[in-house]
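Inside the fold
Each chain, letter by letter, is given below.
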Amino acid sequence: MTTYDGKVALVTGGARGIGFEVARQLAQSGHLVVIGARDAVRGQRAATELQVESVVLDVSDPISVGAAAAEIQQRFGRLDVLINNAAVAPAEPAPSELALDVLRATYETNVFGVFSVTKAFLPLLREAEAGRIVNVSSGSGSLATVSRPDWRPEWNGLAYNTSKSALNALTVAFAVELRDTAIKINAVNPGYTATDMSPEATRSPVLAAALIHRFATLPESAPSGSFHDDNGEIPW
C-alpha cells in the first residue's frame, strides 16, 4: 500500500464532462484524484491528460464496484472524497409511453449504482479523518420544482427526473446513518451544463464543477443531508 499524506478523491464518470472538470479542480486543490470510468482506455486517457490516477469502474456492475474498492484499499488504504457523478439521461417520451426497460436501466446507474458505490467505499471513507460524499443530482429531482404550474411538459422525463428524486432520498438516508460520524454527504444540482449529455446547454462545466468541489471540501461546521445549487438550498 502506498503511503499518501494528502486527500484521496474518487470521481465516478470522471473521464468526460462535469466529472472530468471536477477531477481537474480537485487535483488543482491538492487531492490525489482517481478517475473512475467504465472504459479503461478512456479513463486512462483522461487521467494522463490531468496527471491523475484511474480505475476501471462500472457503477452498474457490482463486481466492478467491488474490484475498484479493493484496488483503492490496496493502493491508498482510505478514501477522503467520493463524487458520485456517473449518470445516464435517456431520451424520453411522455411518462405513459416510457418503456419499462428504459426506466430500469436509468435507475440501475443513477440510483442503484450510487448505492452500490457508496456502500462499497464507505469503509474506506470511515478510515479518512473527515470523509465527504457528493451526489450529483439535478433540479429536476426536486418534487417541489417539477410540481410547479410553470414546469414545462418537455422537461417531464419520468426516468431521469424520478431517478434523481430517488438519489436525493438516498442522500438523506445515508446522512441520517452517518449523523454521528465525521462523514458528510450532500446532493448538489450543478445546473444545465454543456456536456455530451446536454450539448445544447450553455452553462460552463467549470462553474458546475466548482459547486461540486465546494461540497467536496466542506468544513466541519457545514451541513450534511442537504440539496444545493449555486443559489443555496433547494426544496426536496
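Above this text you will find the structure in question.
This write-up is about the structure you can find in this document. Note that residues are indexed from 1 along each chain, following the sequence as it is written. In view of the model being predicted, local features appear only for residues whose pLDDT reaches at least 70, and side-chain atom pairs are presented and counted only at 80 or more, with totals across whole chains, interfaces and linings using the full set of residues. Excluded from the side-chain calculation are hydrogens and water; included are all heavy atoms of the structure.

1. What about the nonpolar core?
To keep things clear, this is the line we draw: Buried residues of nine kinds, namely Ala, Val, Leu, Ile, Met, Phe, Trp, Tyr and Cys, make up a nonpolar core once their side-chain atoms join them within 4.5 Å. Only protein chains enter the accessibility calculation, which uses a 1.4 Å probe; a residue is then buried when its area is under 20% of its type maximum, exposed when over 50%, and partly exposed in between. Secondary structure follows DSSP: runs of H or I at least 4 residues long count as helices, runs of E at least 2 residues long count as strands, and numbering of each begins at the N terminus. What makes two residues a contact is simply this: any of their non-hydrogen atoms within 4.5 Å.
Judged by nonpolar contacts, the single largest core of 29 residues is most densely connected at L10, V34, L79, L82 and F121. Elements with a minimum of two residues in this core: strand 1 (8–12), strand 2 (32–37), helix 3 (62–76), helix 4 (100–126) and helix 6 (158–177). When residues in this core are grouped by element, the largest group, six residues, is from helix 4. Apart from residues lying up to four places away in sequence, L82 is in contact with L10, T12, V117, T118, F121, L125, R132, I133 and V134. In terms of nonpolar packing, the next biggest core, distinct from the first, is built from 28 residues, A9, V11, I83 and A208 among them.

2. A short note on the sheet that holds strand 2
The criterion, for reference: Whether two strands pair depends on DSSP finding at least two bridges between them. Working convention: axes come from line fits to C-alpha atoms, limited for helices to the stretch in contact. Angles between N-to-C directions cover 0 to 180 degrees.
An order of 3-2-1-4-5-6-7-8 is seen for the eight strands of this open sheet, with the pairing classed as mixed. Edge strands, defined here as strands with exactly one partner in the open sheet, are strand 3 (53–56) and strand 8 (232–233). As judged from the five bridges shared by strand 5 (residues 132–136) and strand 6 (residues 184–188), these two strands associate in the parallel manner. Opposite V136, over in strand 6, you have V188 as the bridge partner. Most of the contacts of helix 3 go to strand 3, to which it runs at about 145 degrees, and overall it touches strand 1, strand 2 and strand 3.

3. Some thoughts on the packing of helix 1 (residues 17–28) against helix 7 (residues 205–216)
Heads up, the rule is: If an angle is under 35 degrees, it is roughly parallel; if it is over 145, roughly antiparallel; if it lies from 65 to 115, roughly perpendicular; otherwise it is oblique. For a crossing to be left-handed, the near helix must be turned anticlockwise from the far one by less than a right angle; the clockwise case is right-handed. Residues are grouped as follows: Ala, Val, Leu, Ile, Met, Phe, Trp, Tyr, Cys and Pro are nonpolar; Asp, Glu, Lys and Arg are charged; all remaining types, including Gly, are polar.
At a closest axis distance of 8 Å, the pairing of helix 1 and helix 7 adopts a crossing angle of 55 degrees. The orientation of helix 1 with respect to helix 7, classified from their angle, is oblique. Judged by the twist between their axes, the crossing of helix 1 over helix 7 is right-handed. For the pair formed by helix 1 and helix 7, the contact residues are I18, E21, V22, Q25 and L26 on the first element and P205, V206, A208, A209, A210, I212, H213 and A216 on the second. Of the residues contributing to the contact of helix 1 with helix 7, the split by class is ten nonpolar, two polar and one charged.

4. Concerning the side chain of S54
Inclusion rule: Side-chain atoms alone can form a polar contact between residues adjacent in sequence; in general such a contact is a pair of N or O atoms within 3.5 Å, and within protein one must be able to donate a hydrogen while the other accepts it.
Mapped onto the elements of the fold, S54 is located in strand 3. Classification of S54 as buried rests on a relative accessible area of 16%. A polar contact is formed between the side chain of S54 and the side chain of Q44, at a distance of 3.2 Å.

5. Quick notes on the packing of aromatic side chains
Put simply, the test is: Stacked, tilted and edge-to-face pairs are distinguished by plane angle, under 30 degrees for stacked and over 60 for edge-to-face with tilted covering the rest, among Phe, Tyr and Trp rings (Trp via its six-membered ring) whose centres lie within 6.5 Å.
By the definition in use, this model includes four aromatic pairs. Ring centres of W151 and W155 lie 5.1 Å apart, and the angle between their planes is 65 degrees; this geometry places the pair in the edge-to-face category. Looking at W151, the relative accessible area reads 17%, which means it is buried. Given the relative accessible area of 39%, W155 is considered partly exposed.

6. Considering helix 7
Spelled out, the test is: How far a helix is expected to stretch is found by multiplying one less than its residue total by 1.5 Å.
Taking 1.5 Å per residue, twelve residues should reach 16 Å; helix 7 reaches 16 Å between its end C-alpha atoms and fits that length. Among the residues of helix 7, A208, A209, L211, I212, H213, F215 and A216 are the ones counted as buried. In this fold, the buried residues of helix 7 make contact with helix 1, strand 4 (81–84), strand 5, strand 6 and strand 7 (227–229).

7. Comments concerning the environment of P235
Note on placement: P235 falls in the segment after strand 8. Residues P235 and G139 lie 96 residues apart in sequence; the distance between their C-alpha atoms is 9.5 Å. Residue contacts for P235: discarding those within four places in its chain leaves S142, A144 and F227.

8. Brief notes about the pairing of strand 2
In plain terms, the rule: With the strands aimed away from the viewer, a crossover counts as right-handed if its path from the first strand over the helix to the second runs clockwise.
Summarising burial for strand 2: six of the six residues are buried, a large majority. Here strand 2 shows a buried face lined by L32, V34 and G36 and a second buried face lined by V33, I35 and A37. The pairing of strand 1 with strand 2 spans five bridges and is parallel. Bridging across to strand 2, A9 finds its partner in V33. Considered for its hand, the β-α-β crossover made up of strand 1, helix 1 and strand 2 is right-handed. Pairing analysis gives four bridges linking strand 2 to strand 3, with the strands arranged parallel. If you follow V34 over to strand 3, its bridge partner there is E53.

The values reported here are purely geometric and, on their own, carry no functional implication.
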